[in-house]
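Close look at the chain arrangement
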Amino acid sequence: MYEDFASDLAVTMWADFDETPARDGSLATITDLSTVVVDGNFPWTIVSVETEDGTVGIGECYPSPGVHEVITDYLQPVLVGENPMDVERLYYLMRESLSGRGSQQGIGTIAISGVEIALWDLTGKLLDQPVYQLLGGKMRESVTVYADCHAGEAMVSSAQEGQEQETYEPTAYAQAARAAVDDGFEIVKFDLDVPSGRSLNRKSRHFDNPEIEHKQRIVEAVTDEIGADAEVAVDLHWNFSPETAERLCRAIEGYGLAWIEDPLPPENADATTDLANRVDVPILTGENRYGRHGFRDLIEGQGVAFLAPDVPKVGGIAETKKIADAAETYYQTLVPHNIGSPVATVATAHVGATVPNFYALEFHGREVEWWEDLLVRDEPLIQEGEIEVPDGPGLGIELDWDAVEEHEKS
Ligand code: MG
C-alpha cells in the first residue's frame, strides 16, 4: 500500500517530465540497470546503465548492503524507457520513487548516487563529450590525490583490537608515510583513532592524557619523518567527545597538520563547528552526510574549513558540485571522501576539475595491488599524486571487465 502511494506520488509529480519526447529520434532510451560487486578493500558496487543502442554508462555506489536490491527493484522500473541524458530530472524522479525509503539519506541515496554517476557517463558517451565538459568545463588539467595511509600490514581501526601491537607504534606510521611520499603523494593521511594497547572504555569517547600523548607521538613521528616533503592530515572517525577532541587538537595543533578529520560524531554540526572555532587547526568533515541539504548547516556555520562529500554516497556528481558551489559562497574548500574503485575516483576527479574550491580527493586503495588493473589504460591513472582528468567521452575510462570478473565478490 505504502509503496503504491510513493510510486503514485512520483508519477503524479513528474508526469509532465515523463512525457518529454526523445530529441531528434537519435537518443537511446534506458533498457537495463545492473550491478556487480568487486571485492576490493571495500565491496565496490559497480553500476551499469544500458540503453537500447547498447551504450553502457558505469557508476559506483558507496559500499552498502542492499544497494543491488534498491537499484533493481525500485530504480530500474522508473528509469527503463527514460532518456538517460535528462540526468537532473531523473535524479528527482529516483528520489521521489524512494520517498520515505531513504531518498534523503542512507541506502536509497547511495543507490541513487551510483546510478546518477552512470547517467553522466552515459550522457557523455552519447554526446561524445567528457563529463567535466557537461559540468561547465574544467578549471584544472589534473586533480591532486591524497594518500590514505595505514601502518602495518592492513587497515587499522579501533574496532580491530586484535592487531599486532607494532602496528600502532609511531615508527610504523613514519615508515608508511615515507613510502607514500616516495610514491609521489604530497598529502598523506593517517587514522589517529587507533588503539594504544591500553585498556580503555572507548564508548565514553573520553580519553585520558596518556592516550592523548600516544596520538601526539604518532603525529610527531610522522611529521618529523616527512618534514616539508608533504602535508599530513589525521582522521579521528567520530570517536572523541568535544572535551577530549579539544585536548587532542591542542596537543597536535603545533605540528602544522593540513586538517583533523571527523573529531566528533557526525550528527551535530554545531558541535563540530564550535570545536573548529576553538582550536587552531583546520577541521574537515562531511563523509557521513547526504545531499546539499545535509551540508547546509556545516556551510552556514562557517567553522569547518574542509568539506568531504563522498560522490557515490552523497547524491552523485551534480549533487557534489552543488555542495561545492554552496561551500564556495563561504569560501570553504572541497576535499572529497573516496574509498572506491577507479570508477568512483574518476567520477570525483571530474567534479574536482570543474569547481574552483577543490583541493584534493582521497585515495584509499594503496593496499589493493590490482586497483589500477580494473581499467584498460596504457599508464597508471594516479601518477605522482595526481590524476590527469580523462578527456574521453563520459568518465573517460574503460573498465577491464575480465579484471572485474576476476575480483568479483562471490
Ligand atoms: Mg574519514
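Just above sits the structure.
Since we're looking at a predicted model, the values are computed, not measured. (Residues numbered from 1 in each chain as written. Predicted model: local features only at pLDDT ≥ 70, side-chain atom pairs only at ≥ 80, totals over all residues. Heavy atoms only, no water.)

A short note on the overall build of the protein chain
Applied cut-off: Secondary structure is summarised from DSSP: a helix means a run of H or I of at least four residues, a strand means a run of E of at least two, and numbering begins at the N terminus for each. When a residue's accessible area, from a 1.4 Å probe over protein chains only, is under 20% of the maximum for its type it is buried; when over 50% it is exposed; and in between it is partly exposed. Residue contacts are defined here by distance: any two heavy atoms, one from each residue, within 4.5 Å place the two residues in contact. Under the convention used here, a 1.4 Å probe and the Shrake-Rupley method define accessible areas, while residue burial counts only the protein chains that appear.
The helix and strand tally for the protein chain stands at 14 helices and 13 strands. Evaluated residue by residue, the protein chain yields a buried proportion of 57% over its 410 residues. Of all intrachain contacts in the protein chain linking residues separated by at least 6 positions in sequence, the fraction that spans at least 24 positions is 73%. With the model as given, the accessible surface of the protein chain reaches about 16800 Å², and the carbon-plus-sulfur share is 47%.

A look at empty space enclosed by the protein
Note the following rule: Points on a 1 Å grid, built from protein atoms alone, make a cavity when a 1.4 Å probe fits but cannot get out and make a pocket when they are open with protein on both sides within 12 Å along at least 5 of 7 lines; residues with an atom within 4 Å of a point are the lining residues. Grid points are joined across faces, edges and corners, and a volume is the space filled by probe spheres set on the points. Each residue gets one of three labels, nonpolar for Ala, Val, Leu, Ile, Met, Phe, Trp, Tyr, Cys and Pro, charged for Asp, Glu, Lys and Arg, and polar for the others, Gly among them. A domain assignment, automatic or from a database, supplies the domain bounds used here.
With the rule as written, the count across this model stands at 2 cavities of 30 Å³ or more. Estimated volume of the largest cavity: approximately 40 Å³. Every residue lining the largest cavity is listed: Trp44, Glu60, Cys61, Tyr62, Pro63, Asp310, Pro312, Asn338, Ile339, Gly340 and Ala344. Along the lines of polarity and charge, the residues of the lining of the largest cavity split into 7 nonpolar, 2 polar and 2 charged. Each of domain 1 (2-128) and domain 2 (134-406) gives at least three residues to the lining of the largest cavity.

Observations concerning the pairing of strand 6 (residues 231-235)
Which entries qualify depends on this criterion: Strand pairing follows a simple DSSP-based rule, namely that at least 2 bridges must link the two strands. For crossovers, right-handed means that the path from the first strand over the helix to the second runs clockwise, given strands pointing away from the viewer.
Of all the 5 residues making up strand 6, 4 are buried; the element is thus mostly covered by neighbouring parts of the structure. As judged from the 5 bridges shared by strand 5 (residues 187-191) and strand 6, these two strands associate in the parallel manner. Across the sheet, residue Ile187 finds its bridge partner in strand 6, namely Glu231. What joins strand 5 to strand 6 is helix 7 (residues 209-226), and the crossover it makes is right-handed. Of the pairings in the sheet, the one linking strand 6 to strand 7 (residues 259-261) comprises 3 bridges and is parallel in character. Its bridge partner being in strand 7, Asp235 is matched across the sheet by Glu261. For the segment spanning strand 6, helix 8 (residues 242-252) and strand 7, crossover handedness is right-handed.

Observations concerning the coordination of the magnesium ion
Four donors placed tetrahedrally around a metal ideally meet at 109.5 degrees, and six donors placed octahedrally ideally meet at 90 or 180 degrees. How we decide: Each metal's donors are the N, O and S atoms within 2.8 Å of it, or within 3.2 Å when it is Na, K or Ca, and because water is not part of the set, sites may look incomplete.
Taken together, the protein donors to the magnesium ion comprise Asp235 (OD), Glu261 (OE) and Glu287 (OE), at separations of 2.1 to 2.2 Å. Sequence positions of the residues that donate to the magnesium ion give the spacing D-x25-E-x25-E. Placement of Glu261 in strand 7 and of Glu287 in the loop between strand 8 (283-285) and helix 10 (296-301) is noted, with a sequence separation of 26 residues between them. With respect to burial, Glu261 and Glu287 carry one shared label: buried.

Details of the nonpolar core
Filter applied, for reference: Definition used in this section: a nonpolar core is a set of buried Ala, Val, Leu, Ile, Met, Phe, Trp, Tyr and Cys residues joined via side-chain atoms within 4.5 Å.
Formed by 106 residues in total, the largest nonpolar core has its most connected members in Leu75, Val115, Val188, Ile317 and Leu395. Looking at this core, the element that brings in the most residues is helix 4 (residues 107-127), giving 9 residues. Each of domain 1 (2-128) and domain 2 (134-406) accounts for three or more of the residues forming this core. Once residues lying within four places of it in the same chain are set aside, the contact partners of Val115 are Leu33, Val47, Val49, Ile71, Leu75, Leu79 and Met94. Residues Tyr146, Ile187, Phe306 and Val335 belong to the second largest nonpolar core, which totals 10 residues.

Brief notes about the pattern of salt bridges
Filter applied, for reference: Just to be clear on terms, a salt bridge is a Lys or Arg side-chain nitrogen sitting within 4 Å of an Asp or Glu carboxyl oxygen.
Enumeration over the complete set of coordinates arrives at 26 salt bridges. Between Lys409 and Asp39 there is a salt bridge; the shortest N-O distance is 3.8 Å. Pair noted here: Lys409 is in the segment after helix 14 (401-406) and Asp39 is in strand 1 (residues 30-39), with a separation of 370 residues, a long-range link. For Arg247, the salt bridge is made with Glu243, and the minimal N-O distance between the two is 3.3 Å. Within this pair, Arg247 and its partner Glu243 are both found in helix 8, separated by 4 residues, close to a single helical turn. We classify Glu243 as partly exposed; its relative accessible area is 36%.

Here's the deal with the sheet that holds strand 3 (residues 56-61)
In a beta sheet, neighbouring strands pair by backbone hydrogen bonds and run either parallel or antiparallel. So the rule is basically this: A fitted line through C-alpha atoms serves as each axis, taken over the contacting stretch for helices, and the angle formed by two N-to-C directions is quoted from 0 to 180°.
The strand order across the open sheet formed by 3 strands is 1-2-3, and the pairing between neighbours is antiparallel. Each edge of the sheet is formed by a strand with only one pairing partner; in this case those strands are strand 1 and strand 3. Pairwise comparison of adjacent strand axes, ignoring direction, gives a mean angle of 20° for this sheet. Where strand 2 (residues 43-51) lies against strand 3, 6 bridges are found, and the strand directions are antiparallel. Residue Ile46 lies in a different strand from strand 3, and its bridge partner there is Glu60. The sheet contacts of helix 2 (residues 67-79) involve strand 1, strand 2 and strand 3, and relative to strand 1 the element is tilted by about 170°.

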